[in-house]
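Structure assessment
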Amino acid sequence: MSPELEKCPRNLLVCEKSNFLNEKSRHDIHVSKHSFNYKTSVLIPECGILPANISSAFSSFSPYYLVRDLPVYELLEETFLESLVKKGHFYALSYNTKIDEDNSIALLSSGQFILSLNKDTYEQLGLEGRPSQYNHRKALRFVVTLDLTDKSLAPGTKRYQRVLSSLKDRLPLKYDFLFTKYNTGSDEDEVLHALLSRYTYKEHKPVFSQHILKNIQCPTLYPSDIQGKTLSCDPHRFLEWLGAVNLDINCENAADSFLSTYVCPEPQSSISQAVVCSVTGFISPENVFVLLQELRKYFDEPKFTPWLSLTVHGFMDSPVSWGTSEHGFLKGCSRGVLWG
């Protein structure tokens, strides 16, 4: 195999220890900053039935919409901007646009409008931006960030008209988009459906899946690991094992297996059963936070395990990862894991 193919893209694993009861805990900030979530998974050791409150949290996940050939300027029209975007809890992401070769567009609930553009599109639009931090010798990609809550971009201002004209007249971009919202009022819903009714769209419900694992090997985790006193399992190796379990990969390295030679890291212990469940779709941070709150209640009563895990996967081709930080390519999607 070519040495170039054997090289793995650089990755960064950030570990942060905290306690939900600590007033300085940043778990809510981490959840809120991960705007574009594709998959959410939960693993509960020594559990055979998903608790009702956690199942209800999964069922309450908001629907999302796939809108075909939507002109980008529609997201900036005054009624839509004032009635939905500026009130928060609304997310939009261009669909099937590759971050390394296409134009990719995202709208955050904070009102940040992010356009990751190739050089030709950037120059034709004439909007102010900056070179992508993932360029090499030549600047071939650019990022335009617009704060739609800023007074200078209020409908009627010169800057607003210039941006709208660029996207509507100078270069009328159209893409498929994913939309989702969280607990919006009837007025906001009416504005959204008025927009959707003018285009081809389909409403989707996040897809739920669940399976029970029996007699599996698991890395040994102690309460002292969470407290930061000891470290029984390397974080990278634990994350790797967690990924293998979620993908239903055998971790025993059986002699008759030709598919995987992966082995559960040491120290390890055996658990009789575990429930693994996941939801895929376009998932808002608010939905993830509700799920996290219900998972915390799992330990209100004594359990056979001191930990469980919540894993959240981001979209591979979203223009941002955490907050408004630019999302690179050839690195896979961003991912967050909470356990305790």
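Please read these numbers as outputs of a predicted model, since none were measured by experiment.

1. What about helix α10 (residues 285-296)?
With 12 residues, α10 extends 17 Å between its outermost C-alpha atoms, agreeing within 8% with the 16 Å of an ideal straight helix rising 1.5 Å per residue. Buried within α10 we find Pro 285, Glu 286, Asn 287, Val 288, Leu 291, Leu 292, Glu 294 and Leu 295.

2. A short note on the pattern of salt bridges
Counted according to the given criterion, the structure contains eight salt bridges. Measuring nitrogen to oxygen at the nearest pair gives 3.6 Å for the salt bridge that ties Glu 77 to Lys 168. One end of the pair, Glu 77, is in the loop between β2 (64-71) and α4 (78-83); the other, Lys 168, is in helix α6 (residues 158-170), with 91 residues separating them in the sequence. Overall, Glu 77 belongs to the partly exposed group, its relative accessible area being 23%. Close ionic contact of Glu 82 with Lys 86 constitutes a salt bridge, the shortest N to O distance being 3.0 Å. Classification of Glu 82 as partly exposed rests on a relative accessible area of 33%. When its relative accessible area of 30% is taken as the criterion, Lys 86 is described as partly exposed.

3. As for the packing of aromatic side chains
A full pass over the atoms with the stated rule returns 16 aromatic pairs. Centre to centre, the rings of Phe 36 and Tyr 91 are 6.4 Å apart; their planes meet at 85°, and the pair counts as edge-to-face. In this pair, Phe 36 is assigned in the loop between α2 (27-33) and β1 (37-45) and Tyr 91 in strand β3 (residues 90-94), connecting sequence segments 55 residues apart. Classification of Tyr 91 by relative accessible area gives buried; the value is 2%. Ring geometry for Phe 90 against Phe 179: centres 5.2 Å apart, planes inclined by 65°, an arrangement best described as edge-to-face. Of this pair, Phe 90 sits in strand β3 while Phe 179 sits in strand β8 (residues 174-181), and the two are 89 residues apart along the sequence.

4. Quick notes on the pairing of β8
For β8, the buried fraction is high: seven of the eight residues fall into the buried class. Pairing analysis gives six bridges linking β2 to β8, with the strands arranged antiparallel. Pairing of Tyr 64 across the sheet is with Thr 180, part of β8.

5. Side note on the pairing of β3
Of all the five residues making up β3, five are buried; the element is thus mostly covered by neighbouring parts of the structure. Residues Phe 90, Ala 92 and Ser 94 line one face of β3 and the alternating positions Tyr 91 and Leu 93 line the opposite face, and both faces are buried. Bridge analysis of β3 against β8 gives five bridges, and the strand direction is antiparallel. Considered in β8, the bridge of Ala 92 is made with Phe 179. Of the strand pairs in this sheet, β3 and strand β4 (residues 104-107) are connected by two bridges, and their pairing is antiparallel. Paired with Leu 93 across the bridge in β4 is Ala 106.

6. Let's talk about the sheet that holds strand β6 (residues 130-131)
Spatial ordering of the open sheet is given by β6-β7-β5-β4-β3-β8-β2-β9, a layout of eight strands whose pairing is antiparallel. Edge positions in the sheet fall to β6 and β9 (201-204), since each has one partner strand and no second. Of the pairings in the sheet, the one linking β6 to strand β7 (residues 141-147) comprises two bridges and is antiparallel in character. If you follow Arg 130 over to β7, its bridge partner there is Val 143.

7. Regarding the layout of surface pockets
Put simply, the second largest pocket is a space of about 270 Å³. Considering the residues around the second largest pocket, the lining is formed by 14 residues, among which Tyr 38, Tyr 95, Leu 178, Gly 281 and Phe 315 are closest to the centre. Per element, the largest residue contribution to the lining of the second largest pocket is three residues, and it comes from strand β11 (residues 268-283).

8. What to know about the environment of Leu 292
Structurally, Leu 292 is set in helix α10. Assessed through its relative accessible area of 3%, Leu 292 is described here as buried. For Leu 292 and Ile 54, which are 238 residues apart along the polypeptide, the C-alpha to C-alpha distance reads 9.0 Å.

9. Notes on unusual backbone geometry
Omega for the bond connecting Glu 266 with Pro 267 falls within 30 degrees of zero, at -10°, which places this linkage in the cis form. Within the element layout of this structure, Pro 267 appears in the loop between α9 (235-246) and β11. Despite not being glycine, Asn 96 shows a phi value in the positive range, around 60°. Positionally, Asn 96 belongs in the loop between β3 and β4.

Conventions we followed
Residues numbered from 1 in each chain as written. Predicted model: local features only at pLDDT ≥ 70, side-chain atom pairs only at ≥ 80, totals over all residues. Heavy atoms only, no water. Helix = DSSP H or I, 4+ residues; strand = E, 2+ residues; numbered from the N terminus. Expected span 1.5 Å × (residues − 1). Buried < 20%, exposed > 50% of the residue type's maximum accessible area, 1.4 Å probe, protein only. Salt bridge = Lys/Arg side-chain N within 4 Å of Asp/Glu carboxyl O. Phe/Tyr/Trp six-rings, centres within 6.5 Å; stacked < 30°, edge-to-face > 60°. Pairing = 2+ DSSP bridges. 1 Å grid on protein atoms, 1.4 Å probe; cavity = no way out; pocket = protein on both sides within 12 Å on 5 of 7 lines; lining within 4 Å. Points joined across faces, edges and corners; volume = space filled by probe spheres on them.

Read these as geometric descriptors, not functional statements.
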